[in-house]
Amino acid sequence: MDIDVKYYCPECHKKYSEEDSRLRSELFCPICKNTLELETFSRIDSPDGAQRCDCGNDVETGTAQPPYLKPAPQLVGIRGWLILPAISMIFVPIIGAIGLFACLAQFSRVQAAGYGGVFGLEIISQLGMLVFVIYAATRFFGKKTNAPATMIAFMITGIVVSGLLLVVELGAGTEMFAVESGKALFRDVTGAAIWIPYFRVSKRVKATFTK
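For every chain, the first residue of the written sequence is number 1, and numbering continues from 1 along that sequence. pLDDT decides what is reported in this predicted model: residues at 70 or higher carry local features, side-chain atom pairs at 80 or more are listed and counted, and totals for whole chains, interfaces and linings draw on all residues regardless. As a rule here, side-chain values come from all non-hydrogen atoms in the structure, and water together with hydrogens is ignored.

Trainee: Got a minute to help me understand the overall build of the protein chain in this structure?
Mentor: Secondary structure assignment for the protein chain yields 5 helices and 5 strands. Comment: elements are numbered from the N terminus, with helices defined as DSSP H or I runs of at least four residues and strands as E runs of at least two. Along the protein chain, from the amino end to the carboxyl end, the secondary structure elements read β-β-β-β-β-α-α-α-α-α. The buried share of the protein chain, taken over its 211 residues, is 38%. In the protein chain, of all internal contacts separated by at least 6 residues, the share reaching a separation of at least 24 is 60%. Using the Shrake-Rupley algorithm and a 1.4 Å probe, accessible areas are obtained, with residue cover drawn only from the displayed protein chains. Accessible surface for the protein chain amounts to roughly 12,100 Å². Of this, 64% is attributable to carbon and sulfur atoms. Buried residues are those whose accessible area, probed at 1.4 Å on protein chains only, stays under 20% of the maximum for their type, while exposed residues exceed 50% and partly exposed ones sit between those limits. Whether two residues are in contact is decided by their heavy atoms: any pair within 4.5 Å suffices.

Pasting the structure below:
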């Protein structure tokens, strides 16, 4: 028994996966006319390997069969472990914007100390990541199909940016900046190690981000 999200055309009998959700219109069983909306089902494969709808009818042949499909536990929605990245998508842009304004306010003082180039690079990277996280948040809360890929790309980008900043700052001899970039790199790697696998394999993720 496994979790599957399927769409089925009652006219041509062509099957669509969740990635092809934009092709979905009204899907229904040819016998009972039960509309097959976007749902997550727990499918128990029948001995003959036929695909069944939740009324028990064979959606390919229209033959009435025993009920091989039954609704799975509710997996759709930003609940469970998805609450944690949801909280992050709310607070990270706020914290990022505050940090960016604080850096801009200190730029003239840091430039006078001779570290304007490195500090300016940090400001540019913060601005870029702020724009990226806002975009990722719109995909996430909009439950778009590309939200998981966007979240993964954001985490990988964060690792790359922190790593590059660390290398530049160590090369420029600005240890005070390098320490902060090192901490950021550690946080980014740790978070990615936890959440990238989750966004790739989670059944809730697959059932929620479908628009």
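Trainee: How do you make sense of a nonpolar patch on the surface when you look at a structure like this?
Mentor: Patches in this entry comprise residues that are over 30% relatively accessible and not in a salt bridge; like charges within 9 Å are linked, as are nonpolar side chains (Val, Leu, Ile, Met, Phe, Trp, Tyr) within 5 Å. Any Lys or Arg side-chain nitrogen located within 4 Å of an Asp or Glu carboxyl oxygen qualifies as a salt bridge. Nonpolar side chains collect at one region of the surface, where Trp81, Ile83, Leu84, Ile87, Ile90, Phe91, Ile94, Ile95, Ile98 and Phe141 lie side by side and expose about 1,000 Å² of accessible area between them. The element contributing the most residues to the nonpolar patch is helix 1 (residues 83–112), with 8 residues. Tracing the backbone through its elements, the reader meets Trp81 in the loop between strand 5 (69–71) and helix 1. Its relative accessible area of 60% is what places Trp81 among the exposed residues.

Trainee: Looking at this structure, how should I read the confidence of the model for the protein chain?
Mentor: The predicted coordinates ought not to be read in detail in places where the model reports low pLDDT. pLDDT is a per-residue confidence score from the predictor, ranging from 0 to 100. When pLDDT is averaged along the protein chain, the result is 75, and 65% of the positions lie at 70 or above. Element-level pLDDT for the protein chain is lowest in strand 5, with a mean of 38, against a maximum mean of 93 in helix 3 (residues 147–171). Low pLDDT, under 50, characterises residues 1–5; the stretch is placed with 22 contacts to residues that sit more than four places away or in other chains. Contacts for the low-pLDDT stretch residues 52–71, under 50 throughout, to residues beyond four places or in other chains number 57 contacts.

Trainee: In this structure, what is going on with the side chain of Ser162? I would like to understand it.
Mentor: Examined against the element boundaries, Ser162 turns out to sit in helix 3. A relative accessible area of 7% places Ser162 in the buried class. The contacts of Ser162, once residues within four sequence positions are left out, are Ser181, Ala184, Leu185 and Asp188.

Trainee: Where do I start with the pattern of salt bridges in this structure?
Mentor: For side chains of opposite charge, pairing can occur when their charged atoms come near one another. All chains considered together, the criterion is met by 1 salt bridge. A salt bridge links Lys183 to Glu180; the nearest nitrogen and oxygen atoms lie 3.9 Å apart. Taken together, the residues span about one helical turn, with Lys183 and Glu180 both in helix 4 (residues 175–201) at a distance of 3 residues. Residue classification places Lys183 among the partly exposed positions, given a relative accessible area of 44%.

Trainee: Help me out: how do you make sense of the packing of helix 2 (residues 116–141) against helix 4 in this one?
Mentor: For any two helices packed against each other, one specifies the inter-axial angle together with the distance between the axes. Angles shown run from 0 to 180 degrees and are taken between the N-to-C directions of axes, each axis being a line fitted to C-alpha atoms and, for helices, limited to the stretch in contact. Running from N to C, helix 2 and helix 4 point in directions that differ by 20 degrees, and their axes come no closer than 14 Å. Here helix 2 is positioned roughly parallel relative to helix 4, judged by the angle of their axes. By crossing handedness, the relation of helix 2 to helix 4 is classed as left-handed. Contacts between helix 2 and helix 4 involve Val118, Phe119, Glu122 and Phe140 from the former and Phe177, Ser181 and Phe199 from the latter. Any residue outside Ala, Val, Leu, Ile, Met, Phe, Trp, Tyr, Cys, Pro, Asp, Glu, Lys and Arg is labelled polar, Gly included; the first ten of those are nonpolar and the last four are charged. Residue classes in the contact of helix 2 with helix 4 are distributed as 5 nonpolar, 1 polar and 1 charged. Any angle from 65 to 115 degrees is called roughly perpendicular, while one under 35 is roughly parallel, one over 145 is roughly antiparallel, and all others are oblique. Each helix crossing is assigned a hand: it is left-handed if the near helix lies turned anticlockwise from the far helix by less than a right angle, otherwise right-handed if that turn is clockwise.

Trainee: Could you clarify how one ought to interpret unusual backbone geometry in this entry?
Mentor: Note: most peptide bonds trans; most residues except glycine with negative phi. For Lys143, which is not glycine, the phi torsion reads 55 degrees and is therefore positive. Structurally, the position occupied by Lys143 is in the loop between helix 2 and helix 3.

Trainee: Any chance you could explain the side chain of Ser125 here in plain terms?
Mentor: Here Ser125 lies in helix 2. Discounting residues that sit within four places of it in the chain, Ser125 has contacts with Val161 and Leu165.

Trainee: What's the story with the nonpolar core in this structure? I'm lost.
Mentor: In globular proteins that are soluble, nonpolar side chains generally tend to be buried together. Residue types Ala, Val, Leu, Ile, Met, Phe, Trp, Tyr and Cys, when buried and joined through side-chain atoms within 4.5 Å, form a set referred to as a nonpolar core. Core analysis: the biggest nonpolar cluster contains 28 residues, and Leu82, Met89, Phe140, Met155, Phe199 and Phe209 have the highest contact counts within it. Mapped onto this core, the elements with two or more residues apiece are helix 1, helix 2, helix 3 and helix 4. Here the element with the most residues in this core is helix 2; it accounts for 9 residues. What Phe209 contacts, discounting residues up to four positions off in sequence, is Leu82, Phe140, Lys143, Lys144, Thr145, Ala147, Pro148 and Phe199.

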